[in-house]
Amino acid sequence: MELTFAHYRNRFCMFRTYYALAVGKVIPDGFDMKVVELPDPPSHEQEEALIRGDVQVANIYLPNFLRRKLQGAPIIGLSTEWKSTMKGNGVFVRSDGPVQRPQDLAGRLIATHQGAHAIHRYLLRRVYGVDDNTIRWESHRQEKLLEVLRNGKVDAVVLLDHFFFHGEVAEGVRCLYTDGEAWRKLHGFDQMIKHMIAAREDLLKGHPGIKDRLLAAFRRSFAYSEAHLEEIGKEFIARYGGDPEALLASARYPKIEFTFTEAEQRLAAAEMEMLVEVGEIPRQAPLASLFAF
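Described below are features of the structure shown in this document.

1. Topic: the sheet that holds strand S9 (residues 156–160)
With mixed pairing, 5 strands are arranged side by side in an open sheet as S8-S7-S9-S6-S10. Bordering the open sheet on either side are strand S8 (136–139) and strand S10 (173–178), each of which pairs with just one other strand. Across the sheet, the mean angle from the axis of one strand to that of its neighbour is 30°, orientation sign disregarded. Strand direction decides the pairing type here: strand S6 (residues 89–94) and S9, joined by 4 bridges, are antiparallel.

Structural data, given as structure tokens:
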């Protein structure tokens, strides 16, 4: 049996995690796996490909998964994937610009790679007391966000993954806050689930035990990347460009374990409540109806 797995393009944390599977350094137990890259949000191609059956397994942005699952899509969650910590996702501003504290973002223009950002809307509202209805949002490719900030076209940008590190070392730019810092102030959690692993329901029904074998393969691929980061970084740069120092530094920000522990379930429930509040999903639902335990 051959399965196709999709992950988001031009994201080093994902490229390195699944590199060993993509090039055959890790062979799954009992099936073959093809790894493909698809556009990241705001594109919905990733979840559409999974729903259509073009791929059988994918990593998906958690809000997108929840939205489509609640609409009745024949997909099921298997585990968490990328969990952000205190670094790796933050709002950046010009050091000498008009925004010096989060409250100054009221009425300002923020650029992200996906337009209005649900998590930052929620955090600005709940943690910093900003009326997020006054904020304007623009969408730019991640590699262009620092440029539009420096040029003064926007007041702030949201940077993540290796682009976050570029912001940390860029001259004239500073991090205003990270989502991890704000989330911990609000709920006490030291992580946020950003992406998760989802599969087609018919795959799990037709192949008992496939979930554990999939997650085992992902963990082995991630373990390979931990020992070969420089090698994988060179491959990523050959495809997408980038700075080796930034890539290797960014690899330490997210936490990737391919689990769905009780603590992660509490975290997922809190995030679902947040997404309902900002209107990203219509309602909450029992986790048992969304994930394969």
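2. A closer look at the state of the cysteines
Note: disulfide means a covalent bond formed between the sulfur atoms of two cysteine side chains. Overall, the coordinates contain 0 disulfides when judged by the stated rule. Cys13 forms no disulfide, and the closest cysteine sulfur to it belongs to Cys175, at a distance of 17 Å.

3. Considering unusual backbone geometry
Following Pro41, the chain continues to Pro42 via a peptide bond in cis, the omega torsion being 20°. Note that Pro42 resides in the loop between strand S2 (32–38) and helix H2 (45–52). Even without being glycine, Asp161 reaches a positive phi, approximately 55°. If you trace the backbone, Asp161 turns up in the loop between S9 and helix H6 (162–169). Using a relative accessible area of 1% as the deciding quantity, one classes Asp161 as buried. One non-glycine residue, Phe258, lies in the positive phi region at around 55°. You can see Phe258 is positioned in the loop between strand S13 (255–256) and helix H12 (262–277). For Phe258, a relative accessible area of 1% corresponds to the buried category.

4. Here's the deal with the pairing of S2
Summarising the sheet, strand S1 (residues 2–8) and S2 pair through 7 bridges and their orientation is parallel. Across the sheet, residue His7 finds its bridge partner in S2, namely Glu37. With respect to chirality, the unit in which S1 leads through helix H1 (residues 12–23) into the neighbouring parallel S2 is right-handed.

The rules behind the values
- Per chain, residues are indexed from 1 in the order of the written sequence.
- Local features in a predicted model are, by the rule used here, given only for residues with pLDDT of at least 70; side-chain atom pairs are given and counted only at 80 or more, and totals for whole chains, interfaces and linings are based on all residues.
- Calculated side-chain values reflect all of the structure's heavy atoms, with hydrogen atoms and water omitted.
- Strand pairing is assigned whenever DSSP detects at least two bridges linking the two strands.
- Only DSSP runs of H or I with at least four residues qualify as helices, and only runs of E with at least two residues qualify as strands; both kinds are numbered from the N terminus onward.
- The axes used here are C-alpha line fits, helices contributing only the stretch in contact, and every angle between their N-to-C directions lies in the interval 0 to 180 degrees.
- Counting rule for disulfides: a pair of cysteine sulfur atoms within 2.5 Å.
- Here's how the labels work: a residue is buried when its accessible area is under 20% of the maximum for its type, exposed when over 50%, partly exposed in between, all with a 1.4 Å probe on protein chains only.
- Handedness rule for crossovers: strands pointing away from the viewer, path from the first strand over the helix to the second running clockwise, crossover right-handed.

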